[in-house]
Structures are given as structure tokens and as C-alpha cells.
Amino acid sequence: MLTGKKITKRFGGLTALANVDFEVRRGEIVGLIGPNGSGKTTLFNVISGIYAPDGGDLFFADRKITDLAPHQRARLGIGRTFQIVRPLAGLNLIDNVATGVLYGRRKISGAREAKEAAMDILTFTGLAAKARRLPGELVLEDRKRLEVARALALNPEVLLLDEVYAGLNSTEICGAIDLTFRIKEAYGTTIFMIEHIM
């Protein structure tokens, strides 16, 4: 489903990725592990189109996507979260997620329908009771769940999760693991995830 062949990325004299090959098959949950600074997030940035690779090619559903812009990759079905959560601070949770719904792969063009879909996603991620709150009012666990909800709003076929467990306590991590498996089961989403917590 998602394949990288000889992906290379350099920043000046630093080679962050050197001939990286990977394959994530449909329906899998695949973990990408490694120490800080080993290029994990850089690889996700290349996959999502934030960085252009200096070498190699990316394929999604047998289509070469190496030269596509981030929004084009999102439209094809690649969603992601970020290590540092950056929601739309001036919008409440339902509007944060509804924005993703409107610009995602769902065939929704009206605000009312987008908010209904957003509320379904917030319910699924355990945030329905906080739908009218601003992101700055949330604890870390809920901000991480909001980041996942915003990625799900795009209706991705493959979801790149970048350290969604980081900073959580053991109880919160168990809830986040459960959510990860529920995403796969309920949405049929393939998951490629970076995590230090094993």
C-alpha cells in the first residue's frame, strides 16, 4: 500500500535518510523505532510531502507520489499527526475537526454536515463532552486525541502517527493503544507509527 525505495534526505552536509526502503501493507499496524535523531520524523515528513526526497521514490496504492504536494497526498488518503500538537487555537474542538472534514476525502461540502461528521469523530476519540472547548483548555492526553481526531477527519487510508504516546502516563498510554487498534478496526485504516514507548 505504502512503499519507499531508496529514500534519501540531506540537510546540507547531514544525511538524515540514506537509501531507506520500507513497505506498509494494507491493514497493518507497523512501528518505526529508533533513537532520537535517527530520521524517523524526517521519513514521515518525506512521506507526507513536507520534504522532497533527495533520492528515491515513494508509492501509494501502486501510484508514484514522489513529486506530489502534501495536499495531493492527503487527497489520495495519507493522513498524519505531528509530534508537536498544533491545533487551530482559536477554534473549538468541533470546528478544528470539521475543518479537516471539509478539506478531506469525504464528499461533504456544507458546514452543518461537516460538524456532524466531526462530532462522530470526537465521540469515537473520547472528546465529545469537550467539543465546545478550545484546544488550550485541554490536558496533554486530550490534545493528543484531538491531533488524532483531526487526522481522522481527512478519512485517510493510511495514518502516520508520530509519537502519539509521548508524555502520557501508563493509564493514558493504555487508552491511546486501545484507540490505535480501534481506528484500524472501525475505519479499516492502515497505521504506520513512530513510538519510543515499547
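Described in the following lines is the structure provided in the data block. (Residues numbered from 1 in each chain as written. Predicted model: local features only at pLDDT ≥ 70, side-chain atom pairs only at ≥ 80, totals over all residues. Heavy atoms only, no water.)

Across the sheet, 4 strands lie side by side as E2-E1-E4-E5; this open sheet has antiparallel pairing. Of all strands in the sheet, those bounded by a partner on one side alone are strand E2 (14–24) and strand E5 (63–64). Strand contacts of helix H1 (residues 40–48): strand E1 (2–11), E2 and strand E4 (55–60), with the helix running at about 65° to E2, the strand carrying the most contacts. (Pairing = 2+ DSSP bridges. Helix = DSSP H or I, 4+ residues; strand = E, 2+ residues; numbered from the N terminus. Contact = heavy atoms within 4.5 Å. Axes fitted to C-alpha atoms, helices over the stretch in contact; angles between N-to-C directions.)

Okay, the pairing of E4 next. Bridge count for E1 against E4 is 5 bridges, and the pairing is antiparallel. Each bridged residue has a counterpart across the sheet, and for Gly4 the counterpart in E4 is Leu58. For E4 and E5, the ladder comprises 2 bridges, and the chain directions are antiparallel. Considered in E5, the bridge of Phe60 is made with Arg63. The hairpin turn running from E4 into E5, its antiparallel successor, is 2 residues long, and Ala61 in that turn takes a positive phi close to 50°.

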